[in-house]
Amino acid sequence: MAMDVKKIREDFPLLKKKINGKEIIYFDNAATTQKPKEVIKAIKEFYENYNANIHRGIYYLSEKATEIYEESKEKVKEFINAESVKEIIHTKNTSESINLVAYSYGLDNISSGDNVVISILEHHSNLVPWQIITQLKNAELRVVKMNENYEIDLEDLKEKIDNKTKIVCITHISNALGSINPIKDVIDIAHDRSIPVLVDGAQSVPHIETDVKKLDVDFLAFSSHKMLGPQGIGILYGKEELLKDMRPFLGGGDMIKHCTAKSCTYADLPYKFEAGTANVADAYGLSKAIEYLEKIGMRNIQEHEEKLTRVLLKYMNENPNIEVYGKKDLHNRAGIISFNVKGLHPHDISTLLDKENIYIRAGHHCAMPLMQNLNTEGTARCSFYLYNTKEEIEKFIEVMDNIIEVFSK
């Protein structure tokens, strides 16, 4: 069933806003997404009606806040088809989720002489924590190259992992190129050697159906703000048998079962990983974001983004002044297009588009090793979501043509 994008756009207050009399064209969804009114309303509703700490208060507001928070975990569990809410940990964002695994799993399972395997496609969030841990433990960080299709090279992966590999950490979709990695193949290859896999799902969970049971993934990290939800809350999914043996990442309130001045026992899963005051309002907002995505349908969203990507890719591939980085077609490709214009710095492209209220990202996209591999300092990047339209792309193309015409002279 085709999506009614015009109707969808009515749900997003910011998209109705005009700046200097011009409508906004927002093509920076890989960085963060806009919020529907249901999400904004939920956050406001919580603070106006239910604001209290969870778990510890024996009174109505606390009980209601606890109910909202627990329902959020249930929503996430169902959305990614996890086995139990014990496997759903609320964090601040994808970065914190990955750091949690790096410190809580890595410190106890990685020793001198061991190795961790990542890929050249990683966002810094799935690179820097493993640099730190391998340096602390005198271990090796092995980087898998990408193939000619801008996906992780599975043959190189097989060569990089061995009996000293303690974890494989791979992005599902590259935030810089839009490449969709064959993540099930990655997981199967690692599991054949009994090696756990962490998947950075920041760009995949908001855009394609994600089933952790079918993938058999060990850890999955993603963020609310990239899937219509509020900033400041993220998710770590982890298999229960792994999480139960991991030490807490942070210590503090609500993550202990019993405590003396000298020692403590930790709370049950998932709460031993959720120290301090919970972000209940944003958990509520995330629940509403998930409900919204489920109402539209993840397959519909993916198909819509593919249609938009096809239109813009055709234009860019046929324009001799534009260089596209990554796949030139839609095979295993998400709605992210990185490009450069001959003679223009990506920051100049972004600045010139900004004058027409067209918002894109420009720079290294927190993927500097990948940019170095591509022999560029950075790129301009368009990234789409369910509320973007073909008409917006046509306007983008019109403005790009004018920019290229002016600067080619």
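See above for the structure.
Novice: Kindly report on the overall build of the protein chain, identifying the contributing residues and their values.
Specialist: Of regular secondary structure, the protein chain possesses 14 helices and 17 strands. What you see for the protein chain is a C-alpha radius of gyration of 22 Å, in line with the 22 Å of a compact globule of 409 residues. Seen through its principal axes, the protein chain has C-alpha atoms that stretch 75 × 55 × 35 Å. Relative to its full complement of 409 residues, the protein chain shows a buried share of 57%. Partitioning the contacts of the protein chain with sequence separation of at least 6, the portion at a separation of at least 24 is 70%. As displayed, the protein chain has an accessible area near 17,900 Å², and 48% of this comes from carbon and sulfur atoms.

Novice: Now, about the environment of I25: what can you tell me, with residues and values included?
Specialist: Relative to the helices and strands, I25 is located in strand β3 (residues 25–26). The sequence separation of I25 and N175 amounts to 150 residues, and the corresponding C-alpha distance is 20 Å. The contact partners of I25, leaving out residues within four places of it in the chain, are N357, I358, Y359, E392 and K395.

Novice: Mind laying out the pairing of strand β17 (residues 379–383), listing which residues take part and the relevant values?
Specialist: The element β17 is extensively covered by neighbouring structure, given that five of its five residues are classed as buried. Because side chains alternate across β17, one face comprises the buried residues T379, R381 and S383, and the other comprises A380 and C382, equally buried. The pairing of strand β14 (residues 336–341) with β17 spans four bridges and is classified as antiparallel. Following the sheet pairing, F339 is matched in β17 by A380. With three bridges joining them, strand β16 (residues 361–363) and β17 adopt antiparallel strand pairing. Opposite G363, over in β17, you have T379 as the bridge partner.

Novice: Mind laying out the sheet that holds β16, listing which residues take part and the relevant values?
Specialist: One key point about sheets: their strands pair by backbone hydrogen bonds, in either a parallel or an antiparallel sense. As summarised here, the arrangement of the four strands in space is β13-β14-β17-β16, forming an open sheet in which the pairing is antiparallel. Edge positions in the sheet fall to β13 (322–325) and β16, since each of these pairs with one other strand and no more. Ignoring which end each strand starts from, the neighbouring axes of this sheet average 30 degrees apart. Each of β13, β14 and β17 touches helix α14 (residues 390–408); the most contacted strand, β14, lies at about 15 degrees to it.

Novice: Tell me what's going on with helix α3 (residues 60–80), and back it up with residues and numbers.
Specialist: With 21 residues, α3 should reach 30 Å at 1.5 Å per residue; the first-to-last C-alpha distance of 31 Å fits that figure. A positive phi of about 60 degrees marks N81, the residue just after α3.

Novice: Talk me through the sheet that holds strand β9 (residues 219–223); I want residue IDs and the actual numbers.
Specialist: With mixed pairing, the seven strands of this open sheet are ordered in space as β4-β10-β9-β8-β7-β5-β6. The two strands at the open ends of the sheet, each matched to only one other strand, are β4 (88–91) and β6 (140–144). Averaged over all pairs of adjacent strands, the angle between their axes in this sheet comes to 20 degrees, without regard to strand direction. As paired elements, strand β7 (residues 165–171) and strand β8 (residues 197–200) share four bridges and run parallel to each other. What sits directly across from V168, in β8, is V197. Here helix α5 (residues 128–136) sits on the sheet in contact with β5 (115–119), β6, β7 and β8, set at roughly 145 degrees to β6.

Novice: Can you break down unusual backbone geometry residue by residue, with the values?
Specialist: L269 connects to P270 through a cis peptide bond whose omega is 0 degrees. Residue position: P270 is located in the loop between β12 (264–266) and α10 (280–296). Positive phi outside glycine occurs at D216, with the angle close to 60 degrees. Along the chain, the position of D216 falls in the loop between α8 (212–215) and β9.

Novice: Can you lay out the layout of surface pockets for me, pointing to particular residues and giving the numbers?
Specialist: In this model, the largest pocket occupies a volume close to 380 Å³. Lining the largest pocket are 23 residues; nearest its centre among them are A30, A31, H123, K226 and C366. Ranked by the residues each element gives to the lining of the largest pocket, the list is headed by β16, at three residues. Split into classes, the residues belonging to the lining of the largest pocket amount to six nonpolar, 13 polar and four charged. In this structure, the second largest pocket occupies an estimated 270 Å³ of space. Lining the second largest pocket are 17 residues, and of these H90, T91, E96, A275 and T277 sit closest to its centre.

Novice: Give me the environment of E67: which residues, what numbers.
Specialist: One can find E67 in helix α3. Using a relative accessible area of 38% as the deciding quantity, one classes E67 as partly exposed. Residues E67 and I183, spaced 116 residues apart in sequence, show a C-alpha to C-alpha distance of 35 Å.

Novice: Got a sec to walk through helix α4 (residues 94–109)? Specific residues and values, please.
Specialist: Here α4 contains 16 residues, and its C-alpha end-to-end distance of 21 Å stays within 8% of the 22 Å for a straight helix at 1.5 Å per residue. Three or more residues of α4 are buried, namely T94, E96, S97, I98, N99, L100, V101, A102, S104, Y105 and G106.

Novice: Could you give me a rundown of the side chain of D254, with the residues and numbers involved?
Specialist: Looking at the secondary structure, you find D254 in the loop between α9 (240–243) and β11 (256–259). Among the polar contacts made by the side chain of D254, one reaches the side chain of R56 at a distance of 3.5 Å. Sequence-distant contacts of D254, that is, excluding residues within four places in its chain, are made with H55, R56, A267, Y271, E274 and G276.

The rules behind the values
- Residues numbered from 1 in each chain as written.
- Predicted model: local features only at pLDDT ≥ 70, side-chain atom pairs only at ≥ 80, totals over all residues.
- Heavy atoms only, no water.
- Helix = DSSP H or I, 4+ residues; strand = E, 2+ residues; numbered from the N terminus.
- Rg over C-alpha atoms; globule rule 2.2 N^0.38 Å.
- Buried < 20%, exposed > 50% of the residue type's maximum accessible area, 1.4 Å probe, protein only.
- Contact = heavy atoms within 4.5 Å.
- Areas by Shrake-Rupley, 256 points an atom, 1.4 Å probe, with all protein chains shown as cover.
- Pairing = 2+ DSSP bridges.
- Axes fitted to C-alpha atoms, helices over the stretch in contact; angles between N-to-C directions.
- Expected span 1.5 Å × (residues − 1).
- 1 Å grid on protein atoms, 1.4 Å probe; cavity = no way out; pocket = protein on both sides within 12 Å on 5 of 7 lines; lining within 4 Å.
- Points joined across faces, edges and corners; volume = space filled by probe spheres on them.
- Nonpolar A, V, L, I, M, F, W, Y, C, P; charged D, E, K, R; others polar.
- Polar contact = N/O pair within 3.5 Å; in protein donor to acceptor, adjacent residues only side chain to side chain.

In short, geometric facts, not functional conclusions.
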